[in-house]
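# A closer look at the structure
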Amino acid sequence: MNQNTKKVLVTGGCGYIGSHVARAFKNEGHTVHINDRVKRDHTLESCDMWWQDDFSSKDSLNTIVRENYDVIVHCAGTSLVGPSVLNPDEYWDNNVSKLVTLLSKLKEAGQTPLMMFSGSAAVYGEPVELPIPESHPQNSISPYGNTKATAEHILSDYATAYGIPAMVFRYFNACGAEPFNSDLGQEPEATHIVARILEAVLDDKEFTINGNDFDTEDKTCVRDYVHVWDIARAHVMGATHHWNEPIKFQVMNLGTRLGISNKQIADYVQTKYNFNKVNYGPMRPGDPGTLIADPTFANQWLGWQPEYSSLEMIIDSAYKWYIKQQQLKLEKIISQPA
């Protein structure tokens, strides 16, 4: 085995971001293990071992300690803003209590893997400056955002007290699909506009954009969309940086600084895929007009740049994923005996 090969665990590795992160580490020659509560066969090609279980169960914790990982990429968690308001108990349990259980197990075992945490721009809440730097006040407006902010504090405390290093990536809007083979992507009924409008295209249904009277250039809201493969690349680059220059605790935004408007997305899809069923409805309460990141730290400290996050790459890679899934379903139906 190459001395530079590391052992990496991705919790939630069958999920959207986790599966891409696992693939990126695997592509670089590392040993990759995946743990998830669900099984999605297409994601398991990116790993050397996997097991299906809650990461915080007794069996999972024993496995984690036995394997003694160099890196734990913690993507497992619950991640929708709306449901977190209706059922905060689930979010505090999954995103906070179980994280403490995992960190405590590592502490007891005397292990100090690099913890790479799926953070969120939800910790910022309503922006008071744009683009949003890491130093922006944390004023989350949902239980989901609150749990992400609390998890960051926990990781920082464990890094200080017990020497378990942690790197937090605050994602803005992850989107797109694996750009080379089109074999990793989001599950149906994802919540952000790119997924929703492409599903409308494929289902030949109307698509409604929420609001066209924002204080933006084209009157629709602007968000910072980051291709999921750029997010995956950042994890590998972050881990490599730590192996060369160990860190204790570090937080960074992953974004483009540019932002893409809802109308830009709709116009591209209308032109590229001949989709003419877009209409506009009222804006959603509390939706800011613009949310974009200041990714200067990731740019300078990691040397990371969002290479795949153009509007065209984001939408076209996601479309290819959806088309490939349709083809696989059709082939499966045809292959079934009459």
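Note that the coordinates shown come from a computational prediction; the quantities given were computed from them, not determined experimentally. (Residues numbered from 1 in each chain as written. Predicted model: local features only at pLDDT ≥ 70, side-chain atom pairs only at ≥ 80, totals over all residues. Heavy atoms only, no water.)

## So, the overall build of the protein chain
Counting its secondary structure elements, the protein chain contains 10 helices and 14 strands. In terms of overall size, the protein chain behaves like a compact globule, its C-alpha atoms giving a radius of gyration of 20 Å where 338 residues would be expected to give roughly 20 Å. Along the three orthogonal principal directions, the C-alpha set of the protein chain runs to about 60 × 60 × 40 Å. Taken across its 338 residues, the protein chain has 55% of its residues classed as buried. Sequence separation of 24 or more characterises 77% of the internal contacts of the protein chain that already satisfy a separation of 6 or more. Of the roughly 15400 Å² of accessible surface on the protein chain, 48% is carried by carbon and sulfur atoms. Charge separation in the protein chain, taken as the distance between the mean sites of 29 positive and 41 negative side-chain charges, equals 4 Å. (Helix = DSSP H or I, 4+ residues; strand = E, 2+ residues; numbered from the N terminus. Rg over C-alpha atoms; globule rule 2.2 N^0.38 Å. Buried < 20%, exposed > 50% of the residue type's maximum accessible area, 1.4 Å probe, protein only. Contact = heavy atoms within 4.5 Å. Areas by Shrake-Rupley, 256 points an atom, 1.4 Å probe, with all protein chains shown as cover. Lys, Arg positive; Asp, Glu negative; His and termini not counted. Charge placed at Lys NZ, Arg CZ, Asp CG, Glu CD.)

## Thoughts on the side chain of Ser-142
Here Ser-142 shows up in the loop between strand 5 (114-120) and helix 5 (143-162). For Ser-142, the side chain forms a polar contact with the main-chain nitrogen of Gly-145, separated by 3.1 Å. In contact with Ser-142, not counting residues within four places along its chain, are Val-81 and Ser-84. (Polar contact = N/O pair within 3.5 Å; in protein donor to acceptor, adjacent residues only side chain to side chain.)

## Section: helix 4 (residues 88-109)
Side chains that are three or four residues apart share a direction in an α-helix, a result of its 3.6 residues per turn. Taking 1.5 Å of rise per residue, the 22 residues of helix 4 would be expected to cover 32 Å, and the 31 Å separating its terminal C-alpha atoms lies within 8% of that figure. In the structure, helix 4 departs most strongly from a straight axis at Asn-94, where the bend amounts to approximately 30 degrees. Buried residues of helix 4: Tyr-91, Asn-94, Asn-95, Val-96, Lys-98, Leu-99, Leu-102, Leu-103, Ser-104 and Leu-106, and no others. On its buried face, helix 4 is in contact with helix 2 (58-67), strand 4 (71-74), helix 3 (81-86), strand 5 and helix 5. Gly-110, located one to two residues past helix 4, shows a positive phi value of around 70 degrees. (Expected span 1.5 Å × (residues − 1). Bend = angle between axes of the 7 residues up to and from the residue.)

## Let's talk about the pairing of strand 5
For a regular strand, the rule is simple: side chains alternate between the two faces of the sheet. Counting buried positions along strand 5 yields 7 of 7 residues, so the element is predominantly enclosed. Judged from the 4 bridges that link them, strand 4 and strand 5 form a sheet pairing that is parallel. Residue Val-73 lies in a different strand from strand 5, and its bridge partner there is Met-116. Two strands pair when backbone bridges link them, and strand 5 and strand 6 (residues 166-171) are joined in this way by 6 bridges, in the parallel orientation. Each residue of the ladder has a partner; that of Phe-117, found in strand 6, is Val-168. For the crossover from strand 5 across helix 5 to strand 6, the handedness is right-handed. (Pairing = 2+ DSSP bridges. Right-handed = clockwise from strand over helix to strand, strands pointing away.)

## A look at helix 6 (residues 193-203)
Along helix 6, 8 of the 11 residues are buried, which leaves the element largely enclosed by surrounding structure. Those residues of helix 6 not exposed but buried are Ile-193, Val-194, Ala-195, Ile-197, Leu-198, Glu-199, Ala-200 and Val-201. Structurally, helix 6 contributes buried residues whose contacts are with strand 8 (207-210), strand 10 (225-227), helix 8 (262-273), strand 13 (278-281) and helix 10 (311-335). Phi for Asp-204, located one or two positions after helix 6, is positive at around 55 degrees.

## Brief notes about the packing of helix 2 against helix 4
The geometry of helix 2 relative to helix 4 is characterised by a closest axis approach of 10 Å and an angle of 40 degrees between their N-to-C directions. One way to sum up the angle between helix 2 and helix 4 is to call them oblique. In this structure, helix 2 crosses over helix 4, and the sense of that crossing is right-handed. Together, Leu-61, Asn-62, Ile-64 and Val-65 of helix 2 and Thr-101, Leu-102, Lys-105, Leu-106 and Ala-109 of helix 4 make up the contact between the two elements. (Axes fitted to C-alpha atoms, helices over the stretch in contact; angles between N-to-C directions. Parallel < 35°, antiparallel > 145°, perpendicular 65-115°, else oblique. Left-handed = near helix turned anticlockwise from the far one by under 90°.)

## Concerning the environment of Gln-138
Relative to the assigned elements, Gln-138 resides in the loop between strand 5 and helix 5. Sequence separation between Gln-138 and Ala-149 is 11 residues, and the spatial gap between their C-alpha atoms is 7.6 Å. Every residue in contact with Gln-138, bar those within four places of it in the chain, is listed here: Val-123, Tyr-124, Ala-149, Glu-152, His-153 and Arg-170.

## A look at the sheet that holds strand 5
Spatial ordering of the open sheet is given by 3-2-1-4-5-6-11, a layout of 7 strands whose pairing is parallel. The sheet terminates laterally at strand 3 (49-52) and strand 11 (249-254), the two strands that pair on one side only. Taken over all neighbouring pairs, the strand axes of this sheet differ in orientation by 15 degrees on average, direction set aside. Relative to strand 11, strand 6 runs parallel, the two being bridged by 6 bridges. Within the sheet, the bridge partner assigned to Arg-170 lies in strand 11 and is Asn-253. The sheet contacts of helix 4 involve strand 4 and strand 5, and relative to strand 5 the element is tilted by about 170 degrees.

## Some details on the pairing of strand 8
Burial along strand 8 is one-sided: the face carrying Phe-207 and Ile-209 is buried and the face carrying Thr-208 and Asn-210 is not. Taken together, the 4 bridges between strand 8 and strand 13 define a ladder with parallel strand orientation. By the bridge assignment for strand 13, Thr-208 is matched with Asn-279.

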